[in-house]
Amino acid sequence: MTTDTKIGNRRTGGRGVALAAIRGLALALVSLPGAVLCFVLSLVSIALIPIGVGIVTTPYVLKGVRAFANWRRVLAAEWGGVRIPPSYRPIPKDANPWGRTFGMLGDPATWRDLLWLPVDMTAGFVTALLPFVLLVYPLEGLAIAVGLWRVLPDGYWYGFVRVTNQMSALGAGVLALALLFLAHFFTPRLLHVHFLLTRAVLGSGRGELSERVRVLTETRRDAVDTSAAELRRIERDLHDGAQARLVAMGMDLGTIEALIEKDPAKARELLAHARQSSAEALTELRELVRGIHPPVLAERGLGDAVRALALRLPVATEVNVELPGRAEAPVESAVYFAVSEVLTNAVKHSGADRIWVDLHHAEGHLRVTVTDNGRGGAVVGAGSGLTGVERRLGTFDGVLAVSSPAGGPTMVTMEIPCALS
């Protein structure tokens, strides 16, 4: 279903119109103070770079700006069906404050964020507020028509109607009905215009092909590094675990062969030990296979695999799956381990007592949302487990968006373009 079709469906219902108006009001109330605060802090911090203070503060301020922009990317996708993939350049984990500051300032995406802030506090504020105004302003006209005009100043203007008596008040009511009719059709579209404006500024200024080549080059390097690390982990686990047990079991069997005639009791004891070692080696091999590709994922698909994953968590987790088919095995595997990493982070660091996971497929994209009611403060950056998730998804042209204000809740949205079979 296309975005225009979705808007067309929404505009036919009064509930959708009211929802668009409320969302527009919420965006307007947040965009103005949020954009002003981020813009002022950014200007002050960058201005303090020559005296050294900005070297320390700028990375934190710009990280906050990115978090604010990523939150708006999430809302654009969830509320407007408008996707705005982030294209920030990675910052080395071991970068010092100087390298981190100028690394972020050298990123074109940073300057797109800074350009977007004044646009968001002006044109963005207006386009977000218009849906609410278009729905609420007719109520004033209807109130004037039924008698409010009597307490208003003489010659009060409602739109282009000058209200002086009951007849002109009825004219204001007719205008209000016309505006209400227009609101029924255009309120959701006006909210969509707000998100299109956001995408026009926050979206990459590079040519689509050039940006795609850059992203694929980075994700390919990350995929190679990840694969090499995974192979080293498997080799280490085999060497230290199952292989060591199998070698010990072979030695036990050799001793049993020598003792079976001379000391049957000792041979039986060693045989029991060898049987235990074989069972433990088999268990370790199964765990190793599960870490490479869980059997439930191969047999029953992504939805059941995530449900099984949620059952093993110590936190109450609700999983909602709406997948009419299955994605390709590499995509399912990437999404499964990405969800696993996000859930692990939520359990370890968020302090949440409840987690919600939603998986659905729409418009050629597999989207997963993980929400917890924890303390918030999650960021994508050096030392964060979410950085690995972002790289894993990037291999498949996927994107990651995080909304995690202080005090929570945290919402992590992952999206990968794919088709279901």
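Everything numeric here is computed off the predicted structure, so don't read it as measured data.

S.K.: Where do I start with the overall build of the protein chain in this structure?
M.R.: For the protein chain, the helix and strand inventory stands at 12 helices and seven strands. Residue pairs in contact within the protein chain that sit at least 24 positions apart in sequence constitute 69% of those at least 6 positions apart. When the accessible area of the protein chain is evaluated, it comes to approximately 22,000 Å², of which 64% is carbon and sulfur surface.

S.K.: What should I look at first to understand the pairing of strand 4 (residues 354-362) in this one?
M.R.: When a strand is regular, its side chains alternate between the sheet's two faces. The sheet contact formed by strand 3 (residues 316-322) and strand 4 spans seven bridges and is parallel. By the bridge assignment, Glu-322 is partnered in strand 4 with His-360. Across eight bridges, the pairing between strand 4 and strand 5 (residues 365-372) is antiparallel. Note on strand 5: the bridge partner recorded for His-361 is Leu-366. Taking the residues that link successive antiparallel strands as the turn, the strand 4-strand 5 hairpin has two residues, and the phi of Glu-363 there is positive, at about 55°.

S.K.: In this structure, what is going on with helix 11 (residues 329-350)? I would like to understand it.
M.R.: Working note: α-helix, 3.6 residues per turn, so residues spaced by three or four point in the same direction. An ideal rise of 1.5 Å per residue puts 32 Å on 22 residues; helix 11 measures up with 30 Å between its terminal C-alpha atoms. Phi turns positive, to about 70°, at Gly-351, one or two residues after helix 11.

S.K.: Teacher, can you tell me more about the pattern of salt bridges here?
M.R.: Once their charged atoms are close, side chains differing in charge can pair, the charge on each being opposite to the other. With the rule as written, the count across this model stands at 10 salt bridges. The salt bridge involving Arg-367 is made with Glu-415; its shortest N-O contact spans 2.7 Å. Of this pair, Arg-367 sits in strand 5 while Glu-415 sits in strand 7 (residues 410-417), placing them 48 residues apart in sequence. A residue is classified by how much of its surface remains accessible, and Glu-415, at 7% relative accessible area, is buried. Within the structure, one salt-bridge network assembled from shared partners comprises Glu-78, Arg-83, Glu-363, Arg-367 and Glu-415.

Conventions adopted
- Residues numbered from 1 in each chain as written.
- Predicted model: local features only at pLDDT ≥ 70, side-chain atom pairs only at ≥ 80, totals over all residues.
- Heavy atoms only, no water.
- Helix = DSSP H or I, 4+ residues; strand = E, 2+ residues; numbered from the N terminus.
- Contact = heavy atoms within 4.5 Å.
- Areas by Shrake-Rupley, 256 points an atom, 1.4 Å probe, with all protein chains shown as cover.
- Pairing = 2+ DSSP bridges.
- Expected span 1.5 Å × (residues − 1).
- Salt bridge = Lys/Arg side-chain N within 4 Å of Asp/Glu carboxyl O.
- Buried < 20%, exposed > 50% of the residue type's maximum accessible area, 1.4 Å probe, protein only.

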